[in-house]
Amino acid sequence: MYRYLLIAVLIVQSHVSLAQDPLLPEGLLDDPFATPETTIEQDETIDPTLSFGGFWESRIGGRLVDDNNQRSASLSEIRLQLEFSKDFDLASINLVGDFIYDHLADQHSIDLEKGQGYFDLREANFEASPTDNVDLKFGRQILTWGTGDLVFINDLFSKDWHSFFLGRDEEYLKAPSDALKASLYSNVVNVDLIYNPHFDADRFLDGRRISYYAPASDSIVGRPTGIITEDYPGSWLKDDEISLRLHQNVSGYEVAGYGYHGRWKSPQGQAAVTGNSTFPALNVLGASARGPLGGGIANMEAGYYNSQDDGDGTNSLIRNSETRFLVGFEREAARDLTLGLQWYVEHMLDYGAYENALSSGAKAKDENRHLLTSRLTWLTHSQNTEWSLFAFYSPTDQDLYIRPRVSYKIDDFWTAEAGSNIFAGKDKHTFFGQFRDNTNAYMALRYGF
Amino acid sequence: MFKVLMFLFVVSLSFTVQAADLTSAEEIIQRANYMSYYQGKDGRAQVIMTITDSQSRSRTRKLTILRRDESETDALEGNAYRGDQKFYVYFHRPADVSKMVFMVWKHLKGDDDRWLYLPALDLVKRIAASDQRTSFVGSDFLYEDVSGRLLEDDTHELLETTDKYYKMRHTPKDATSVEFSYFDTFIHKQTFLPVQAVYFNDSGAKLRTISVNGVATVQGYTTVTKSTAENHQTGSKTVMEYSKVIYDTDLPEDIFSERYLRKAPKKYLR
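Calculation rules
Every chain's residues receive numbers from 1 upward, in the order its sequence appears when written. Chain letters and ligand numbers both follow the written order, the letters beginning at A and the numbers at 1. Local features in this predicted model are restricted to residues of pLDDT 70 or higher, and side-chain atom pairs are both shown and tallied only at a pLDDT of 80 or more, whereas totals for entire chains, interfaces and linings draw on every residue. Based on all heavy atoms of the structure, the side-chain values leave hydrogens and waters out of the count. Helix and strand labels come from DSSP, where a helix needs a run of H or I of at least four residues and a strand needs a run of E of at least two; each type is numbered from the N terminus. Every radius of gyration here is taken over C-alpha atoms, with the globule rule written as 2.2 Å times N^0.38, N being the number of residues. Exposure classes here rest on a 1.4 Å probe applied to the protein chains alone. A residue is buried below 20% of its type maximum, exposed above 50%, and partly exposed in between. In what follows, residue pairs with any heavy atoms lying within 4.5 Å of each other are defined as contacts. Surface accessibility follows the Shrake-Rupley procedure with a 1.4 Å probe radius. Residue values consider only the protein chains on display as shielding. As used throughout, the charge tally considers Lys and Arg to be positive and Asp and Glu to be negative, leaving His and the chain termini uncounted. Here the site of a charge means NZ on Lys, CZ on Arg, CG on Asp, or CD on Glu. Only protein atoms enter the 1 Å grid, on which a cavity is a set of points fitting a 1.4 Å probe that cannot get out and a pocket is an open set with protein on both sides within 12 Å along at least 5 of 7 lines, lining residues being those with an atom within 4 Å of a point. Grid points are joined across faces, edges and corners, and a volume is the space filled by probe spheres set on the points. By the convention adopted, Pro, Cys, Tyr, Trp, Phe, Met, Ile, Leu, Val and Ala count as nonpolar, Lys, Arg, Asp and Glu as charged, and the other residues, Gly among them, as polar. Between any two strands, at least two bridges found by DSSP are needed for them to pair. Here, patches come from residues exposed beyond 30% relative accessible area and free of salt bridges, joined within 9 Å for like charges and within 5 Å for nonpolar side chains (Val, Leu, Ile, Met, Phe, Trp, Tyr). In the sections that follow, a salt bridge refers to a side-chain nitrogen of Lys or Arg positioned within 4 Å of a carboxyl oxygen of Asp or Glu. Helices are assigned an expected span. That span is 1.5 Å times one less than the residue count. Accessible area that two parts lose when put together, evaluated with a 1.4 Å probe and summed over both, is termed the buried area. Note on ring pairs: Phe, Tyr and Trp rings are taken, using the six-membered ring of Trp, and paired if centres are within 6.5 Å. Classes follow the plane angle, with under 30 degrees stacked, over 60 edge-to-face and the rest tilted. We count a charge as sitting over a ring when the NZ of a lysine or the CZ of an arginine lies within 6 Å of the ring centre and within 35 degrees of the ring normal. A 3.5 Å cut-off defines polar contacts: any pair of N or O atoms within that distance qualifies, except that in protein one atom must be a possible hydrogen donor and the other a possible acceptor, and neighbouring residues in sequence count only when both atoms are side-chain atoms. Each residue carries a pLDDT score, the predictor's own confidence in it, on a scale running from 0 to 100. Definition used in this section: a nonpolar core is a set of buried Ala, Val, Leu, Ile, Met, Phe, Trp, Tyr and Cys residues joined via side-chain atoms within 4.5 Å.

Caption draft 1: Quick peek at the overall build of chain B. In terms of regular secondary structure, chain B is built from five helices and 13 strands. The C-alpha radius of gyration computed for chain B amounts to 20 Å, which stays within 12% of the reference 18 Å derived for 270 residues, consistent with globular compactness. Seen along its three principal axes, the alpha-carbon backbone of chain B occupies a region of about 75 × 45 × 35 Å. Counting the 270 residues in chain B, one finds 56% classified as buried. Residue pairs at least 24 apart in sequence account for 47% of intrachain contacts in chain B once pairs closer than 6 positions are excluded. Total accessible area on chain B is roughly 11,700 Å²; 55% of this is exposed by carbon and sulfur atoms. In chain B, 37 positive and 37 negative side-chain charges are present, and the distance between their average locations comes to 8 Å.

Next comes the structure, spelled out in C-alpha cells:
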C-alpha cells in the first residue's frame, strides 16, 4: 500500500515537473549547431515600392448655442481620402487627395487654395536626395515645426481654423503648402529652407461657418453680412514666403533657430478705402529648445513678430509687432495617462502708439495676452479608446476654449469618434470670447484601408 | 597516432566544457540578455502582431523594427555587449497608424528618449518617458518585453537545472514599481535563449506568460520567429511573428534622427 502511494506521489511529482517545463520551441534543437541556417522571407506578391491607402469618413456636428448668424448644423460631410506613393531609384512621389461632399458648403466648385469644393489636394510632391546629406521635397505638402502643442510661434505654415474649431480630425488643422523644401544635414547644424513661390494663407475664419467679433459694429457677426472679403496677395514670386530653420539634436536636447519672411497668415489688417481684409507683411525670428526634464519633456519657444507694414504701431488698421513666448511640460501622470501644461504669452510692442491710434469707443486689447493650456490623454480598453481633453484658458482675456474628445477603434478598420468645441468668455471681443456662440458637438465614423 | 589521440582528447574536453552546466546566475542572465536583445551590431525584423481578446475578437498590427547597438562588440567578457541602443519602429498597418514612426534611444542609465512621428500632420512629437510596464501598442507585450528589462532591476536566482533548461527566478528590487511579485524564466541551456517567462503575483497566481514558439538560425544567430504573450487575468493573447530578419546591415546611426522620421529610410525597411 505504502509502495503504491509512493509511486502515485512520484507520478504526480513528475507530472508537475513535466507541466512546468516548457516544450522546446519549433526550430530549436538541443544541439544548436544542428539547426539549419534559414533566411526568413515572406511571400511578397505586392510591390514594396508602391503604397496605397486612405479612409472613408462621415462626420456630423451641431451647434449647442443659438446663433442667429449661423445655421444650426455645424458639420455634415462625407469624405474619401485616397493616398498613393511610389518609390523610384532616385526619387519618390506622394499623392494624397480628399473627395468631399460637404452639405453645408456654400459652393462646390473646386478651389485648391481655400480647400473648397468636391476635391481637396493635400499632398502632391516629389522627393529626392541628390546627395547623402541633402533632401529635397517639391510640391504640395504638409509642413510642421516648432515645439508648441496647438500653440504656434515659429510654425507659420498654413492652418485650417475652420476645421479645427468645427471638429474635423486634428490632421486638418494643417492646410497644405505649395513649396520647395531643401534640407541640408551636417554634424554641426541641419538646415531646412522652404520657399513658397506664392502666398499660402490660412484657411481663416471668414464668418461663413464661425461667427466672430467685428470691431466696426462692436458685435458678433457671421452669415451673411459678416462674411469677410479679403484682398488676397496672389502674385507669384512677388507675394512669396521664405521659412528657415537651423536645428540640431545635442545629446537628446533639440535646439532650433527660425526665420520667416512673408505675411500674417490670417487677415490682420484692413484696406483703408475698401475695408477689405488684408494680409500685412510679417517677418519673424525665433528659437526653441526641447528635451527631457524631471521624468517628462520640457519645451521653450520664443519669437519676435515684426509687423513690417506698421513698424511703429501707429496704424490702427494693421496688427502691431509683438513678441511671443511659450514654455511647456508634459509627462506621464499614470500608466496610459499623459498630462501636458503650457504657458504662452503674446506681448504687444508699441502699446502706447496702439492705444493712441485706436478709434474712440473701440475695445482695446491688453498689452499682454497670457494663455494657459492643459492636455490630458487617457488610453483605455487596451489602448483602443482614447479620452482626450485639451483646454485653453486666458486669465487676461478671461475666456476659454475646451476640446473634449473620445475615439474608439472598433476594429482594424472602423473608428468612431465624438467630441465638442466649447467656447466661453466674459467679453465678446477677446480671442476665444468672440466664438462663444459657436460652441458645438460632433461625431464621426471612419473606415480606414 | 598521438596526434589523433590528442585531437580526440581536445575535442572531448571541449565537449565537456560545453556540456558543463553553468552555476552562476549572473553569467546565465547576461548570456540570456545578450541572446534576447543584443545579437549582431544591428538588426531588422518585420513583425506581424495579432492581438486576440477573451471574446476572440482579433486585431492586427504590422510593423518593421530597426535596432542599432552603440556597443561595437558582441563580446560577453566584461559584459562588453551591453550598451545604449536605438530603435526605429515603422508602422505599416492598420490604416490609422500607417506610416507612423516610433523612435527610441534606449539608455542603460536614465530615461529613454522617445519620439513619435505623425505623417498626416508632419509632426515630430517628443513623448515623455513612460512606465516601461505599459502595453506596447495595445498588445499583451509590454515596452519592457520588446526592448528589454534592466538586469539591475531584479535579483536573479538559479532555481533548478534540468536537462534542457536553466530555471531562473527574478525578483524585483523595488516591488512597488511593477505589477508582478516575481517571474520565472526557462533558459535553453545550449543557446541561452529564454524560451518562457512566467509572471506571478504575490499569492503565486500566474499573471502573464511569454513563450517562444518558433526559432530559426539567421546568419548564424539563433532567432525567434514566433512568440506569444498571454495575459491570464484578461484572457487576452498576442502572437508576434517575425519575418525578413537580417543582422549586421551596417545601419547608419543617422537613421535614428528627425531626418528619417520625416522621410522613412525605405531601403532599410523593405
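That covers the picture; the talk isn't over yet.
Caption draft 2: Broad picture of empty space enclosed by the protein. According to the stated counting rule, one finds six cavities of 30 Å³ or more in the structure shown. Considering only enclosed or pocket space, the largest cavity measures out at about 1,100 Å³ in volume. Counting residues per element, the lining of the largest cavity draws most heavily on helix α2 (residues 25-37) of chain B, at seven residues. For the lining of the largest cavity, the class distribution of residues is 30 nonpolar, 12 polar and seven charged. Of the volumes computed, that of the second largest cavity is approximately 150 Å³. What lines the second largest cavity is a set of 14 residues, among which A:Glu127, A:Lys137, A:Lys181, B:Arg262 and B:Lys263 lie closest to the centre. If you list the elements that add at least two residues to the lining of the second largest cavity, you get β5 (134-141) and β6 (177-184) of chain A together with α4 (258-262) of chain B.

Caption draft 3: Structural context of the environment of A:Glu355. All names here are of chain A. Along the chain, Glu-355 falls in helix α3 (residues 351-357). Residue Glu-355 is classed as partly exposed on the basis of its relative accessible area, which comes to 44%. Between the C-alpha atom of Glu-355 and that of Leu-293, which follows or precedes it by 62 residues, the distance is 41 Å.

Caption draft 4: Quick look at the pairing of strand β19 (residues 385-394) of chain A. Residues and elements named next belong to chain A. Sheet topology places strand β18 (residues 368-380) next to β19; nine bridges connect them, and they run antiparallel. If you follow Ser-374 over to β19, its bridge partner there is Ala-391. Connecting β18 to the antiparallel partner β19 that follows it, the hairpin turn spans four residues, and His-381 within it adopts a positive phi of roughly 50 degrees. Bridging between β19 and strand β20 (residues 399-409) involves 10 bridges; their strand directions are antiparallel. Within β20, the residue paired with Thr-385 across the bridge is Tyr-408.

Caption draft 5: Molecular detail of a nonpolar patch on the surface. All names here are of chain A. On the surface, Phe-52, Trp-56, Ile-78, Tyr-101, Ile-110, Tyr-118, Tyr-408, Ile-410, Phe-413, Trp-414, Leu-445 and Phe-449 cluster together into a nonpolar patch covering about 1,100 Å² of accessible area. Relative to the helices and strands, Ile-78 is located in strand β2 (residues 73-87). Its relative accessible area of 39% is what places Ile-78 among the partly exposed residues.

Caption draft 6: Fine view of α2(B). Residue and element names in this part refer to chain B. Its 13 residues give α2 an end-to-end C-alpha distance of 18 Å, which sits within 8% of 18 Å, the value for a rise of 1.5 Å per residue. Taken as a whole, α2 has its buried residues at Ala-25, Ile-28, Ile-29, Gln-30, Ala-32, Asn-33, Tyr-34 and Met-35. The inward-facing, buried residues of α2 contact β7 (154-161), β8 (165-172), β9 (182-188), β10 (194-200) and β12 (221-231).

Caption draft 7: Inspection of the interface of chain B and chain A at higher detail. Taken together, the 65 residues of chain B in the interface contact 70 residues of chain A. Buried area between chain B and chain A, both sides added, is near 5,500 Å², and the carbon and sulfur share of it is 45%. Three residues, B:Arg59, B:Arg126 and B:Arg259, lead the burial of chain B against chain A; their summed loss comes to 14% of the area buried on that side. Our enumeration of links across chain B and chain A arrives at nine salt bridges.

Caption draft 8: Just the packing of aromatic side chains, in detail. Here the structure, examined in full by the defined rule, presents 42 aromatic pairs over all chains. Pairing B:Phe136 with B:Tyr143 gives two aromatic rings, centres 5.5 Å apart and planes at 80 degrees, and the pair type is edge-to-face. On the basis of an interplanar angle of 90 degrees and a centroid distance of 5.5 Å, the ring pair of B:Phe180 and B:Phe183 is categorised as edge-to-face. In terms of burial, B:Phe180 and B:Phe183 fall into one category: buried. An aromatic cluster is built from A:Trp161, A:Phe164, A:Phe165, A:Phe390, A:Phe392, A:Tyr401, A:Phe423, A:Phe431, A:Phe432 and A:Phe435, whose rings are joined through pairwise contacts. The ring of A:Phe55 carries A:Arg446 above its face, with NZ or CZ at 3.5 Å from the centroid.

Caption draft 9: Up close: the side chain of A:Asp206. Residues and elements named next belong to chain A. By the secondary structure assignment, Asp-206 is in the loop between β7 (190-196) and β8 (212-214). Residue Asp-206 is classed as buried on the basis of its relative accessible area, which comes to 12%. A distance of 3.4 Å separates a polar atom in the side chain of Asp-206 from a polar atom in the side chain of His-162. Asp-206 has contacts with His-162, Tyr-212, Gly-226, Ile-227 and Ile-228, leaving out every residue within four places of it along the chain.

Caption draft 10: Local environment of the confidence of the model for chain B. Residues and elements named next belong to chain B. For chain B, per-residue confidence averages 91 on the pLDDT scale, and residues scoring 70 or more make up 93% of the total. Note that residues 10-17 has pLDDT below 50 and, in this model, zero contacts with residues that lie over four places away or in other chains. Interface confidence for the predicted complex, given as ipTM, is 0.91, next to a pTM of 0.91.

Caption draft 11: Structural detail: the nonpolar core. Residues A:Phe165, A:Phe392, A:Phe432 and A:Phe435 are the most contacted members of the largest nonpolar core, which totals 36 residues. Mapped by element, the contributors of at least two residues to this core are α2 (161-166), β8, β14 (281-293) and β19 of chain A. The dominant element in this core, judged by the number of residues it contributes, is α2(A), at four residues. With sequence-adjacent residues up to four places away left out, A:Phe165 is seen in contact with A:Leu205, A:Ile210, A:Tyr401, A:Asn421, A:Phe423, A:Phe432, A:Phe435 and A:Asn440. With 27 residues, the next largest nonpolar core counts B:Met49, B:Val178, B:Phe183 and B:Leu207 among its residues.

Caption draft 12: Up close: the pairing of β7(A). Residues and elements named next belong to chain A. β7 sits mainly inside the fold: five of its seven residues count as buried. As paired elements, β7 and strand β10 (residues 241-250) share seven bridges and run antiparallel to each other. Paired with Val-191 across the two strands is Leu-246, which belongs to β10.

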